[in-house]
Amino acid sequence: MASAAAKQAPKIVSKASAGGAGAAGAGGGPPIMPLASPLMGKKKKPFLGMPAPLGYVPGLGRGATGFTTRSDIGPARDANDPVDDRHAPPGKRTVGDQMKKNQDDDDEDLNDTNYDEFNGYAGSLFSSGPYEKDDEEADAIYAALDKRMDERRKERRELREKEEIEKYRMERPKIQQQFSDLKRKLAEVSEEEWLSIPEVGDARNKRQRNPRYEKLTPVPDSFFSKHLQTGENHTTVDPLQGLGGLNTPYPGSMTPGLMTPGTGELDMRKIGQARNTLMDMRLSQVSDSVSGQTVVDPKGYLTDLNSMIPTHGGDISDIKKARLLLKSVRETNPHHPPAWIASARLEEVTGKLQVARNLIMKGTEMCPKSEDVWLEAARLQPGDTAKAVVAQAVRHLPQSVRIYIRAAELETDVRAKKRVLRKALENVSKSVRLWKTAVELEEPEDARIMLSRAVECCPTSVELWLALARLETYENARRVLNKARENIPTDRHIWITAAKLEEANGNTQMVDKIIDRAITSLRANGVEINREQWIQDAEECDKAGSVATCQAVIRAVIGIGIEEEDRKHTWMEDADSCVAHGALECARAIYAHALQVFPSKKSVWLRAAYFEKNHGTRESLEALLQRAVAHCPKAEVLWLMGAKSKWLAEDVPAARSILALAFQANPNSEEIWLAAVKLESENNEYERARRLLAKARSSAPTARVFMKSVKLEWVLGNIEAAQELCTEALKHYEDFPKLWMMRGQIEEQCENMDKAREAYNQGLKKCPHSVPLWLLLSRLEERVGQLTRARAILEKARLKNPQSPELWLESVRLEFRAGLKNIANTLMAKALQECPNSGILWAEAVFLEARPQRKTKSVDALKKCEHDPHVLLAVAKLFWSERKITKAREWFLRTVKIEPDLGDAWALFYKFELQHGTEEQQEEVRKRCENAEPRHGELWCAESKHVLNWQKKTGEILAQVASRIKNTF
């Protein structure tokens, strides 16, 4: 004890010296008084006795920090001790929880959710410091700067992100996109094929598929009876009994329910009987014989099921709720018809038809004036009962049209229907619906009599007036329509019917007067003239065969409500709309009116001429063109159309005279010169053609005139004259590539390969951007066996003409013809990168692929070039190769509709029909091709521009091109 006191003394002294007055008595003893000092008498310091400043630690300034004892921090506590707060939330109720939380707060959190883009992990370095106003201002300035910079870069960033996403989607398409072509095939799967697809096997592992069920061994009754008598509990079974598997103790006492009355013993015989009865019940439910033939009547079984299961697919509890709710509505407001109707329909849906009938009949008692309730009752009741219900309804509602109509529908005999409707008309004579229904059942003569009475009862019904007018004679019909006009002065249909009546009886001069009077009268009666409605009426007249009426209507309303500057544009749109609707006479009337208003407009004449060419006769076209050239003599295309029409009709002198008049109106016109030359050359007047070309070269020397001169001599076999003319032409027009091509081709025809090469090279110096010249030179080198030189020429051509799909295509085909398929595929990939929207490249790419990949490639091609004719043609060929005849025909039709000028499409279509179509289909394709007069296409131009085929017609070239096509795809 002494030693302990000795040890304690210096500690107290040291603490007093370290902490000063503030630390005195920290150990719990009395404060130690300072020793007497000469400073005691001095004045007391002003800060003594005042509270210490915030954060003040005694002795910290001179380095005397001291130490801490248990008395300063309190007694030691275990981690499981409860905290002082009795109402602490869960997770903070022990000392250990508090320490753990403090430790977690101190640790740095490196979770991704704690990552800040600006501050990094664990937030700010100064998060523990105070957040003052200047910090808030600085953060606001930084946020404004960030927002400003973000707005400046936003557009570029979004564009870059979009491009990156698209690139990523192209490189790594979704599973859904990869199987899109296979999913499209599902549209073709029939119901039988779908049902024949085998079920997917169980994909679980063996343990899940074959779980080991708990094995239960049946225990004989003797075991129970023996142990029931002993009254003992056993946890094991005697192995001599051979009843292994029963490990649970069996109680010696049983519940009274299993005991036989009066004995207190378990009746095993009854348990066995109950078990047998239960087994019989289960077997009867699923009773199938060994042969697999069920003893249940399937039809009756399904009928029972239908009667048990609600057909509306709702839940039983929902039905009960609805029934309760509707019952409440009925009781609350028994005179509310929708409640009774809804209740009856609910019971009908759940299969309780008789309950529904009873409910609705009660509804008729509660709501005898409700038309809907009576109609619902008639619907739910069977035939004869429904008639009785309707008869009762008529007594309560003698003015109800719907009930009378329902009564007529319930009758099966026509006489009975007429009787019901006539009775109805006695009570409700103002009903248009009843009159119309009654008239429909009558013969024409009786119908006319009924309609005369109907228009007296319903004088404002236009339909009844018009029906009566149709049944009357001409004179009576005029009187009827005049009466109708007096009764209904605001309806346009009466006027139009009157005009049609006059036209049908040959009074066409009256039609225009009637329509003009109609417009005046309707305006006087305050009716707004709706232009679109009148044009629709005119289209209906056109379809009904009333041509004069339709044209009169068009003339009367075509200018109503249109600004002067919009007239031409609007009228052309109206004409196109009429053509689309099949109203050709309306369109013809619109064009005629437009030509009266704009007689000097070349575009209107042209559209009218094309309309007559496509939908009219040759005579109407020629008559229109004669008027056209009289008003627009400077329009060369109108002269040429007139001359061509005469030439196609094999009237060559008339065609010559038209061209002569065209020369007078358009002297030195290149188009008319060349048309005259073509007319003469096509009719074997070669000398006349030569003279015309000589005159043209002297009076209107153009590159095309020289080219036609060279072509004429070439096709006639005058090679030397052709070469001389070509040389002369190149002196004047050395930058016209077609002249260089013709020169080279003439030399090739004469087997002068060196001269041909020289001609092509000279032409490329003058015309480096002419793609056909590059192709001709490359093919020349390939033909003479210089494959490397041909490859180099095409590479040079691609450098001179970047993004040229024709050059890329030729490069790919060159490698393919040389047997280098891998290089061809590589080049095709580069070509599609440089020209991603080129239809000819995508079409070639489809057939470069192996057969299984072609369909996927065609889908990609259609995504890039949805409306490109070459891609559509490639898809048609793909279906053809797969023997999908109907689909192939659809795609061929789509191709020639989008681009009728593509000769290759027509040739392939014709070849397809020759193999798979009927003679009518082949003839239709040939005629459509002749009307379209295609001029482009790789295969087509190779035949049509060959010197031996220069006089062949379109149909002959079509057959020739089709014969050269082989099904190599």
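The residue count restarts for each chain, going from 1 along the sequence in the order it is written. In view of the model being predicted, local features appear only for residues whose pLDDT reaches at least 70, and side-chain atom pairs are presented and counted only at 80 or more, with totals across whole chains, interfaces and linings using the full set of residues. Side-chain measures were taken over the full set of non-hydrogen atoms in the model, leaving aside hydrogen atoms and water.

Enquirer: Tell me what's going on with the confidence of the model for the chain, and back it up with residues and numbers.
Expert: pLDDT gives the predictor's per-residue confidence on a scale running from 0 to 100. Chain-level statistics for the chain give a pLDDT mean of 76 and a share of 75% at 70 or above. When pLDDT is averaged over each element of the chain, helix α46 (residues 885-898) comes out on top at 93 and helix α1 (residues 2-19) at the bottom at 39. Contacts were defined at the residue level, with two residues in contact if any of their heavy atoms lie within 4.5 Å. Of the regions scoring below 50 in pLDDT, residues 239-264 engages in 31 contacts with residues more than four places distant in sequence or in other chains. For the stretch residues 288-313, pLDDT sits under 50, and the model shows 10 contacts to residues farther than four places along the chain or on other chains. Think of it this way: any DSSP run of H or I at least four residues long counts as a helix, any run of E at least two long counts as a strand, and we number them from the N terminus.

Enquirer: Give a detailed account of helix α48 (residues 919-932), specifying residues and quantitative values.
Expert: The length a helix should cover is 1.5 Å for every residue beyond the first. For α48, spanning 14 residues, the distance from its first C-alpha to its last is 20 Å, which sits close to the expected 20 Å at 1.5 Å a residue. Buried within α48 are the following residues: Gln922, Val925 and Cys929. Down the axis of α48, the sector holding all buried residues measures 65°, keeping them to one side. In this structure, α48 carries Glu919, Glu920 and Asn931 as exposed residues pointing more than 90 degrees from its buried face. Contacts from the buried residues of α48 go to α47 (903-916), α49 (938-944) and α50 (954-964). In the stretch just after α48, Glu933 is the one whose phi turns positive, near 50°. Residue burial is assigned from relative accessible area. The probe radius is 1.4 Å, only protein chains are included, and a residue is buried under 20% of its type maximum, exposed over 50%, and partly exposed in between. By construction, the arc corresponds to the directions joining the helix axis to the C-beta atoms.

Enquirer: Report on the side chain of Thr364, specifying residues and quantitative values.
Expert: The topology assignment puts Thr364 in helix α14 (residues 353-366). On the accessibility criterion, Thr364 (4% relative accessible area) is buried. Nitrogen and oxygen atoms within 3.5 Å of one another constitute a polar contact, given that in protein one can donate a hydrogen and the other can accept it, and given that sequence-neighbouring residues count only through two side-chain atoms. A distance of 2.4 Å separates a polar atom in the side chain of Thr364 from the backbone oxygen of Met361. The contact partners of Thr364, leaving out residues within four places of it in the chain, are Val373, Trp374 and Ala377.

Enquirer: Describe in detail the environment of Pro633, supporting the description with residues and values.
Expert: By the element assignment, Pro633 lies in the loop between α30 (618-631) and α31 (636-648). Sequence spacing of Pro633 and Ala665 is 32 residues, and the spatial spacing of their C-alpha atoms is 5.9 Å. When neighbours within four sequence positions are excluded, Pro633 is seen to be in contact with Trp639, Ala665 and Asn666.

Enquirer: If you had to explain the packing of α30 against α31 to someone new, which residues and values would you point to?
Expert: Here an angle of 0 to 180 degrees is reported between the N-to-C directions of two axes, which are lines fitted to C-alpha atoms, with helices fitted over the stretch in contact. Interaxial distance between α30 and α31 falls to 9 Å at its minimum, and their mutual angle equals 150°. With respect to each other, α30 and α31 are oriented roughly antiparallel. Every pair of crossing elements has a handedness; the one defined by α30 and α31 is left-handed. Of α31, the residues touching α30 (which contributes Arg618, Leu621, Glu622, Leu625, Ala628 and Val629) are Leu638, Trp639, Met641, Gly642, Ser645 and Lys646. Oblique is the label for any angle not covered by the other classes, which are roughly parallel (under 35 degrees), roughly antiparallel (over 145) and roughly perpendicular (65 to 115). Crossings are assigned a handedness: left-handed for a near helix turned anticlockwise from the far helix by less than a right angle, right-handed for a clockwise turn.

Enquirer: So what's going on with the environment of Ala662? Residues and values would help.
Expert: Here Ala662 shows up in helix α32 (residues 652-665). Counting along the chain gives 28 residues from Ala662 to Lys634, while the straight-line C-alpha distance between them is 8.4 Å. Dropping the residues within four chain positions of it, Ala662 is found in contact with Trp639 and Ile672.

Enquirer: Could you give me a rundown of the pattern of salt bridges, with the residues and numbers involved?
Expert: A pair is scored as a salt bridge if a Lys or Arg side-chain nitrogen falls within 4 Å of a carboxyl oxygen belonging to Asp or Glu. Enumeration according to the criterion identifies 40 salt bridges in this entry. One salt bridge in this structure joins Arg379 and Glu348, with 2.9 Å as the shortest N-O distance. With Arg379 in helix α15 (residues 371-380) and Glu348 in helix α13 (residues 337-349), the pair connects residues that are 31 residues apart, well separated along the chain. Each of the salt bridges in this network shares a partner with another, and the network as a whole consists of Glu188, Lys855, Glu882, Lys884 and Lys887.

Enquirer: How would you sum up a nonpolar patch on the surface? Please name residues and give values.
Expert: Candidates for patches are residues over 30% relative accessible area with no salt bridge; among them, like charges are joined within 9 Å and nonpolar side chains (Val, Leu, Ile, Met, Phe, Trp, Tyr) within 5 Å. Methods summary: accessible areas were calculated by the Shrake-Rupley approach with a probe of 1.4 Å, and residue burial reflects only the protein chains presented. Residues Leu186, Trp194, Leu195 and Ile197 make up a contiguous nonpolar surface patch of roughly 460 Å² in combined accessible area. Locating Leu186 in the fold gives a position in the loop between α6 (180-185) and α7 (191-195). Taking the relative accessible area as the measure of exposure, Leu186 reaches 49% and is therefore partly exposed.

Enquirer: Which residues make up a positive patch on the surface, and what values go with them?
Expert: Together, Lys678, Lys708, Lys738, Arg935 and Lys945 give the surface a local cluster of positive charge. Examined against the element boundaries, Lys708 turns out to sit in helix α35 (residues 703-715). Only four residue types enter the charge count, namely Lys and Arg as positive and Asp and Glu as negative; His and the chain termini do not. The location of each charge is read from NZ of Lys, CZ of Arg, CG of Asp or CD of Glu.

Enquirer: Describe in detail unusual backbone geometry, supporting the description with residues and values.
Expert: Unusually for a residue other than glycine, Glu751 sits at a positive phi of about 65°. Positionally, Glu751 belongs in the loop between α37 (737-749) and α38 (753-766). One non-glycine residue, Arg883, lies in positive phi territory at about 65°.

Enquirer: So what's going on with α37? Which residues, and what values?
Expert: If you check α37, its first and last C-alpha atoms are 18 Å apart, about what 13 residues at 1.5 Å a residue would give, namely 18 Å. Those residues of α37 lying buried are Leu739, Trp740, Met741, Met742, Gly744, Ile746, Glu747 and Glu748. On its buried face, α37 sits against α35, α36 (719-732), α38 and α39 (771-783).

Enquirer: Report on the packing of α47 against α50, specifying residues and quantitative values.
Expert: Two elements in contact, α47 and α50, have axes whose closest approach is 8 Å; the angle formed by their N-to-C orientations is 70°. Comparing the axis directions of α47 and α50 gives the class roughly perpendicular. Every residue of α50 that contacts α47 at Trp906, Ala907, Tyr910 and Lys911 is listed here: Leu958, Ala959, Val961, Ala962 and Ser963. Amino acids outside the nonpolar list (Ala, Val, Leu, Ile, Met, Phe, Trp, Tyr, Cys, Pro) and the charged list (Asp, Glu, Lys, Arg) are all regarded as polar, and Gly is one of them. Its residues assigned to classes, the contact of α47 with α50 shows 7 nonpolar, 1 polar and 1 charged.

Enquirer: Account for the nonpolar core, with residues named and values stated.
Expert: To form a nonpolar core, buried Ala, Val, Leu, Ile, Met, Phe, Trp, Tyr and Cys residues must be joined to one another through side-chain atoms within 4.5 Å. With 77 residues, the main nonpolar core has Trp534, Ile554, Val557, Trp571 and Leu638 as its most contacted residues. Considering each element in turn, this core owes the most residues, 7 residues, to helix α28 (residues 584-597). Segmentation of the chain into domains, including their bounds, is taken from an automatic or database domain assignment. Residue contributions to this core reach at least three from each of two domains, namely domain 2 (489-594) and domain 3 (599-700). Setting aside residues up to four positions removed in sequence, Leu638 forms contacts with Trp605, Leu606, Leu625, Ala628, Val629 and Cys632. Core analysis: the next-biggest nonpolar cluster, separate from the first, contains 36 residues, Phe706, Leu725, Met742 and Leu764 among them.

Enquirer: Quick rundown of the environment of Gln723? Include the residues and the values.
Expert: Relative to the helices and strands, Gln723 resides in helix α36. Judged by its relative accessible area of 26%, Gln723 falls in the partly exposed class. Between the C-alpha atoms of Gln723 and Val710, which are 13 residues apart in sequence, the distance is 7.5 Å. Those residues within four positions of Gln723 in sequence are excluded, and the remaining contacts are Ile746 and Glu747.

Enquirer: With reference to specific residues and values, describe the packing of aromatic side chains.
Expert: Two rings belonging to Phe, Tyr or Trp (six-membered ring only in the last case) form a pair when the distance between their centres is within 6.5 Å. Interplanar angles under 30 degrees mark stacking, angles over 60 mark edge-to-face geometry, and anything in between is tilted. For the structure shown, the criterion picks out 8 aromatic pairs. Ring centres of Phe892 and Phe909 lie 5.4 Å apart, and the angle between their planes is 10°; on these two criteria the pair is classed as stacked. Of the two residues, Phe892 sits in helix α46 while Phe909 sits in helix α47, which places them 17 residues apart along the sequence. Take Phe892: its relative accessible area is 0%, and that puts it in the buried class. An angle of 45° between the planes, with centres 5.3 Å apart, marks the rings of Phe892 and Phe912 as tilted. Here the residue Phe892 occupies a position in helix α46, and Phe912 occupies one in helix α47, the gap between them amounting to 20 residues. Each member of the pair, Phe892 as well as Phe912, carries the same accessibility label: buried. Put simply, the rings of Trp880, Phe892, Phe909 and Phe912 touch in pairs and so form one group of aromatic residues. Cation over ring: Arg798 sits above Trp808, and NZ or CZ is 4.3 Å from the ring centre. Here, over-ring charges are defined by two tests on the NZ atom of lysine or the CZ atom of arginine: distance to the ring centre within 6 Å, and angle to the ring normal within 35 degrees.

Enquirer: Go over the state of the cysteines with me, naming the residues and quoting the values.
Expert: Cysteine sulfur atoms are paired as a disulfide whenever they come within 2.5 Å of each other. Under the definition given, this model contains 0 disulfides. Left unpaired, Cys541 is separated from the closest cysteine sulfur, that of Cys550, by 6.9 Å. Judged by its relative accessible area of 1%, Cys541 is buried. Left without a disulfide partner, Cys586 is nearest to the cysteine sulfur of Cys550, which lies 3.7 Å away. For Cys586, a relative accessible area of 0% corresponds to the buried category.

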